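Structural features, examined
The chain contents come next:
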Amino acid sequence: MPWTLSTSLDDFRGRAGGFLAANPAENTVLLTITDRLTARGPRYYGDGAPVFGWWSPEPDGPVAGAFLQTPPFAPRLGLMPERAAAELAVELAGTRDGATPLAGVGGGAAVVRAFGDAWAGATGATATVRTNERLYRLGELTGPPRPPAGRPRLAGAADRELLIRWFDAFAAEVDIRIPDTAMVVDDRTAGGQLHLWEDGAGRPVAVAGASAVVAGMSRIGPVYTPHEARGRGYASGVTAAASAAALAGGAQEVLLYTDLANPTSNAIYQQIGYRPVADCLELAFGA
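Residues numbered from 1 in each chain as written. Predicted model: local features only at pLDDT ≥ 70, side-chain atom pairs only at ≥ 80, totals over all residues. Heavy atoms only, no water.

As a further point, take the overall build of the protein chain. Assigned secondary structure in the protein chain consists of 8 helices and 12 strands. Over its C-alpha trace the protein chain gives a radius of gyration of 19 Å, about what one expects of a compact globule, namely 19 Å for 287 residues. Structurally, the protein chain occupies a C-alpha span of about 60 × 35 × 35 Å along its principal axes. Taken over 287 residues, the protein chain has a buried fraction of 48%. Considering only contacts within the protein chain whose residues lie at least 6 apart along the sequence, 71% involve residues at least 24 apart. In the structure as shown, the protein chain presents an accessible area of about 13,000 Å², 52% of it carried by carbon and sulfur atoms. Here the protein chain carries 24 positive and 29 negative side-chain charges, and the mean point of each set is 6 Å from the other. (Helix = DSSP H or I, 4+ residues; strand = E, 2+ residues; numbered from the N terminus. Rg over C-alpha atoms; globule rule 2.2 N^0.38 Å. Buried < 20%, exposed > 50% of the residue type's maximum accessible area, 1.4 Å probe, protein only. Contact = heavy atoms within 4.5 Å. Areas by Shrake-Rupley, 256 points an atom, 1.4 Å probe, with all protein chains shown as cover. Lys, Arg positive; Asp, Glu negative; His and termini not counted. Charge placed at Lys NZ, Arg CZ, Asp CG, Glu CD.)

As structure tokens, then:
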């Protein structure tokens, strides 16, 4: 079979690392997960052992597709042909006899649909759309058309409790799971990855993260403004600040995801220079 599955992060990096780095936008999530697993160990995202895979159109040929899964999270598909996604679904269905079934899959829209169709055919499962997102790439960074009052600053240790509350609120609002909120906040604060916007009175009113630069790529997220501070342009201001910091840190590509159901976020990011790259899906599988 063209797919090679492994539980070895070193093997995955050695075999697929060049492919991931050559396509940083399409493989952005795989790159950041691989970077964090390398830095913090294989159980960073949970107790289950991660699974990695790479695909070649012929045995021992160049890698042309990759995925990974960090249980309990669903598999994440990187760049690959649709036929490779379908082959992966059949391959995983054949290796999970008696195991907990996959809860879903995420990645580029076309390959996720191909995987979902093949998974349904192999297992009888049903698939529903859980999230519908768009990936954006920064073109020329511009300031918000209506600059908000206040200024950006890096988050520090004194912001820890506020950031934990905001991260938990963000996760609840967008229905995602953070494995250990305090650990994530501590890691990202220590790495200089979290940016706050302070209003004119010096009060933090929004946060945006910028991931560590990997293969010339940084991804913005999360971006969160509490409900009582929304509608004042703080998200635009802090996102522009985080994007500028990523560029200053050596990023050649700055990316972010938006929920297609949120027209406000899709509009404001384009106003500061982001341009659409691709649509992405996460499917949920049911019996």
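Let us now look at the packing of helix α3 (residues 82–95) against helix α4 (residues 109–123). Between α3 and α4, the least distance of the axes is 8 Å, while the angle of their chain directions is 35 degrees. Helix-helix and strand crossings are classified by hand; for α3 and α4 the assignment is right-handed. Counting all contacts with α3, which are made through E82, A85, A86, L88, A89, V90, L92 and A93, the residues of α4 involved are A110, V111, A114, F115, A118, W119, A122 and T123. Counted by class, the contact of α3 with α4 contains 14 nonpolar, 1 polar and 1 charged residues. (Axes fitted to C-alpha atoms, helices over the stretch in contact; angles between N-to-C directions. Left-handed = near helix turned anticlockwise from the far one by under 90°. Nonpolar A, V, L, I, M, F, W, Y, C, P; charged D, E, K, R; others polar.)

Tracing the backbone through its elements, the reader meets S56 in the loop between β2 (51–55) and β3 (65–69). Within the structure, S56 has its side chain in polar contact with the backbone oxygen of G61 (distance 3.0 Å). (Polar contact = N/O pair within 3.5 Å; in protein donor to acceptor, adjacent residues only side chain to side chain.)

On inspection of all chains with the given rule, the structure shows 11 aromatic pairs. Centre to centre, the rings of F12 and F52 are 5.0 Å apart; their planes meet at 25 degrees, and the pair counts as stacked. Here F12, found in helix α1 (residues 9–22), pairs with F52, found in strand β2; they are 40 residues apart in sequence, far enough to count as distant. Classification of F12 as buried rests on a relative accessible area of 0%. Ring geometry for F115 versus W119: centroids 6.1 Å apart, planes at 10 degrees, classification stacked. Remark: W119 and F115 occur in helix α4; sequence separation between them is 4 residues, near one turn of the helix. Relative accessible area serves as the criterion here: at 0%, F115 is assigned to the buried category. (Phe/Tyr/Trp six-rings, centres within 6.5 Å; stacked < 30°, edge-to-face > 60°.)

We now examine helix α7 (residues 234–248). Think of an α-helix as 3.6 residues a turn; residues three or four steps apart then line up on the same face. End to end, α7 covers 21 Å across 15 residues, agreeing with the expected 21 Å (1.5 Å per residue, within 8%). Burial analysis of α7 places 11 of its 15 residues in the buried class, which makes it a mostly covered element. All of the buried residues in α7 are Y234, A235, S236, G237, V238, T239, A240, A241, A242, S243 and A246. (Expected span 1.5 Å × (residues − 1).)

Turning to its location among the elements, Q69 is positioned in strand β3. Within polar-contact distance, the side chain of Q69 engages the backbone oxygen of F73 at 3.0 Å.

Core analysis: the largest hydrophobic core is formed by 39 residues, its most contacted members being F12, L20, L37 and L163. Elements supplying a minimum of two residues to this core: α1, α2 (28–40), β2, β3, α5 (160–174), α6 (181–190), β8 (194–198) and β10 (217–224). Broken down by element, this core gets its largest block of residues, 7 residues, from α5. Those residues in contact with L163 that lie beyond four places of it in its chain are A155, V185, T189, L194, L196 and V207. Counting 23 residues, the second-largest nonpolar core is a separate cluster that includes A89, L102, V105 and A114. (Core = buried A, V, L, I, M, F, W, Y, C linked by side-chain atoms within 4.5 Å.)

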